Amino acid sequence: MIKKFLAILTASIMLAGLGLVAAGCGGAQGSSNGKTQEQKIEFPTKPIEMTVLFAPGSGADLLARKVAELAGKELGQPITVVNRTGAGGAVGYSYVKEQKPDGYSIVWNSNSINTAYHAGNMNFNYTAFSGVAELTTEPVSIAVKADAPWKDINEFIEYAKKNPGKVRIGNSGNGSFTHLVAVALENKTGAKFTHVPFGQGGLAISSVLGGQIEASSQLPAEIMSQVKAGQVRILAITGEERLKILPDVPTFKEKGIPLTLSLWRGIAVPAGTPESVIKKLEEAFKKVAENPEFKKFAEDMGANIEFRGAKEFDQFIAEQDKELAALMEQVGMKKQ
Amino acid sequence: MSVLSALEIALTPYNLLACFVGVLVGTLTGVLPGLGPAAAMALLLPLTVKLGPTAGLIMLAGIYYGAMYGGSTTSILVNVPGEPASVVTCLEGYKLAQKGRAGAALAVSALGSFVAGTIGIVLLQLFAPPLAKAALAFGPAEFFALTVVGVIVLSNLSGKGGIKAFLMIALGLLLSTVGLDPLGGVNRFTFNQPLAGTGLSFIAIAAGLFGVGEILWLASQPEEKIEPVAKVRLRDLYPTKEEIKRALPSMFRGTLLGFLIGLIPGPSATIASFASYSLEKSTSKHKEEFGNGAIEGVAGPESANNAASVGAMIPLLSLGIPFSPAIAVLLSGMLLVGVTPGPLFLREHPDAFWGVIGSMYIGNIMLLILNLPLVGIWASITRIPYKYLMPVVLLFCIVGAYADNNNIFDVWVMLAAGVAGYLMRKYEYDPAPLLIGLVMGPIMERSLRQALIMGRGDLAIFVASPISLAMYAMALALVVFMLVKKPRVMSAD
């Protein structure tokens, strides 16, 4: 009898456990209180959770953790970083969008908000979020093997024009930002490449080293070791000016190619978050952008500081959305 | 510099402590399902910076290879793999535990890890530059050829052959296409569920098929029918001479195989453990024991995954290219402390380089000392009656599935896989080939599509290099061999 009783007991505990898990995932979404908080609010009074859309240790993650650490000090409450990866950022965006718009759930935002939507991976776009602050931009670099015949980007483009499709250029995935930059380069110069998607993880550069492809498109930080070791040469980078860690590498602009498209990163919150909370967060992240420790860190990571406040950030994202949508349309990746 | 001076750097009290913290965290990471080395290393990155380059990297590396030790613990005790690379250890390890040999399985797995870890470093020191160069000769076309051979070799993992195993591998390959296209961009088969964009998590499916499947199976049996676990006596905790004698050759084979497979980008440690299991099974003199608890089936794979984790460091150290997510975090750690991985590492930071190498010898000894006494404690878990143990295991599986990616979708996948695991057991389908399909699928698909794009439609790219040709010749030979030797293979059992 006792045995049977225990069996029933354990079974019900198991069921209760399952119920809790189910309730936990359903309950988090409901109840956003519609009251407008006009008066000065107490924020934050508990830790804030920052969702990072890419894997631990990725470029996005490292910058995010530094930002979280420094902003937490400014706000007087710790910011915990949680990685919610998948679907080019859509998994993380979907999660944060469903959270209460109270400022305690923030997302480390980037161009992925544009690309993930247009690729059809989520059914909401950037307007589901309010920008808080843009913090950094990272240029994209076009790299070739050290012993490649092209002295500079112009010679490279010249060759690609004469041999349409013969130059194979690796990127981090179809419709990814590095792919779109390479496509934009075709648009601006009239060259024609064969684009080879490699997904995340630095494998494009190993195929450049192995001689299976001619060039690759990636964030400069990802190939710093090969560049420093003299195995790989960066022909040019996007962006308005040269990077401090790559003083000898010209920008496309310097070389007469008007290509400046860079990867921006910043903070966003679910739409509907009270203005006063956004203001408070914006101030804290502004201080992070001005912090010398962060400046040094970003520099080492191959990123530029580019601060935009909440209002300008929203505008900027809207502009970027148009530009990227057009590029994705062109490569047949625009699904909505 | 020599091994001695490397040890000298690693043996300073400060570095020794860093090494200990690393391997301790690594062991825990391995034991807890869902929490992988990549996540644990990322969590400790800030501490790495504070420790300074040498000690910081010693600690990070400790977590990385330490995780391969703990992974087998839950596989053996409760049929729930702690790491993807320990999935195959469930097959024989859990059976051994049911026979009352949990202690032996745990001890052999710790010993195998030690042997592989130590030999792995020696191989790393001797052959890193030429092996890195060889790895570069593999482009997408060559990787595709390699996966073709891999799928053929591993399809016969259960040894039962038969149409059922092929079906399972095909199902695994199909399931691997769920979620974001591996070449980026678009979600597939997610039915507009944004959270499904992560795809079907390997660890969630493995925990479901093995762990939850086993729980449901036990629950479906009449209580009298469940065989009580053999009582573990103290002197049964450690392997017998006979067991060691059988396990040793497996460890060496697993080490060599695993080390080479470590050079493949992607989840190489997982693939290495599957390959080693398959090798052990086909070379064993005790074939009849496989499936019922063969010690070789623990010794080989557990050595192979450790050796693979060391082998996977070669592309990082020699080229500065990360071939797996965990290695990518190690690379991040290097960049954070101002060390450039790749060919310049040794020249610019000889202290950090040799410190890490030296610490890996010491760390493996620490891990052995740390893990062997734990064997007794872990093994006593098998004495807990199922009705108390299993609810805890279920909770463990749920937490593990969620922790893998902080995604509730993975928990549902895990529970569904649990039901599937039960049904597969009932109707005698082997879940292991499904997992092989799941792990090989993305690599196979990615390399196939890349090669097609690179060849610009010309199929000649697949046979353009002697490496690919050799692989396909091997695949063909294997198929012919299987057809001749086991005519049964194409018919249902």
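In this text, all values refer to a predicted model and were calculated from it rather than measured experimentally. (Residues numbered from 1 in each chain as written. Chains lettered and ligands numbered in written order. Predicted model: local features only at pLDDT ≥ 70, side-chain atom pairs only at ≥ 80, totals over all residues.)

**Some points on the sheet that holds strand β3 (residues 105–110) of chain A**
Residues and elements named next belong to chain A.
Link 1 in the chain: Taken in spatial order, the six strands line up as β2-β1-β3-β10-β4-β11 in an open sheet, and their pairing is mixed. Of all strands in the sheet, those bounded by a partner on one side alone are β2 (79–83) and β11 (304–308). If you compare each strand with its neighbour and ignore which way they point, the axes differ by 25 degrees on average.
Link 2 in the chain: Both β3 and strand β10 (residues 263–270) contribute to a ladder of four bridges, which runs antiparallel. Across the sheet, Val107 pairs through a bridge with Ala268, a residue of β10. (Pairing = 2+ DSSP bridges. Helix = DSSP H or I, 4+ residues; strand = E, 2+ residues; numbered from the N terminus. Axes fitted to C-alpha atoms, helices over the stretch in contact; angles between N-to-C directions.)

**Here's the deal with the interface of chain B and chain A**
Link 1 in the chain: Listed by partner, the interface residues are 56 residues for chain B and 57 residues for chain A.
Link 2 in the chain: Breaking the side of chain B that touches chain A down by element, the ones donating at least two residues are α3 (37–43), α4 (45–51), β1 (179–180), α15 (325–336), α16 (343–348), α18 (386–405), α19 (408–426) and α20 (431–454) of chain B.
Link 3 in the chain: Broken down by element, the side of chain B that touches chain A gets its largest block of residues, seven residues, from α18(B).
Link 4 in the chain: Residue composition of the side of chain B that touches chain A, grouped by class: 35 nonpolar, 17 polar and four charged. (Contact = placed C-beta atoms within 7 Å. Nonpolar A, V, L, I, M, F, W, Y, C, P; charged D, E, K, R; others polar.)

**Some details on the domain arrangement of chain A**
All names here are of chain A.
Link 1 in the chain: Segmenting chain A into domains produces domain 1 (48–138 + 262–330) and domain 2 (141–237).
Link 2 in the chain: Its C-alpha centre places domain 1 at a distance of 27 Å from the equivalent point of domain 2.
Link 3 in the chain: Across the boundary between the two partners, domain 1 contributes 12 residues, which contact 10 residues of domain 2.
Link 4 in the chain: Partitioned by chemical class, the residues of the side of domain 1 that touches domain 2 number six nonpolar, five polar and one charged. (Domains from an automatic or database assignment.)

**Quick notes on the packing of helix α8 (residues 140–155) of chain B against helix α12 (residues 268–283) of chain B**
All names here are of chain B.
Link 1 in the chain: Packing of α8 against α12 leaves a shortest axis separation of 9 Å and a crossing angle of 45 degrees. Taken together, the axis directions place α8 and α12 in an arrangement best described as oblique. The chirality of how α8 crosses α12 is left-handed. Only Ile271, Phe274, Ala275 and Ser278 of α12 make contact with α8, whose side of the interface consists of Gly150, Val153 and Leu154.
Link 2 in the chain: Across the contact of α8 with α12, the residue classes tally to five nonpolar, two polar and no charged. (Parallel < 35°, antiparallel > 145°, perpendicular 65-115°, else oblique. Left-handed = near helix turned anticlockwise from the far one by under 90°.)

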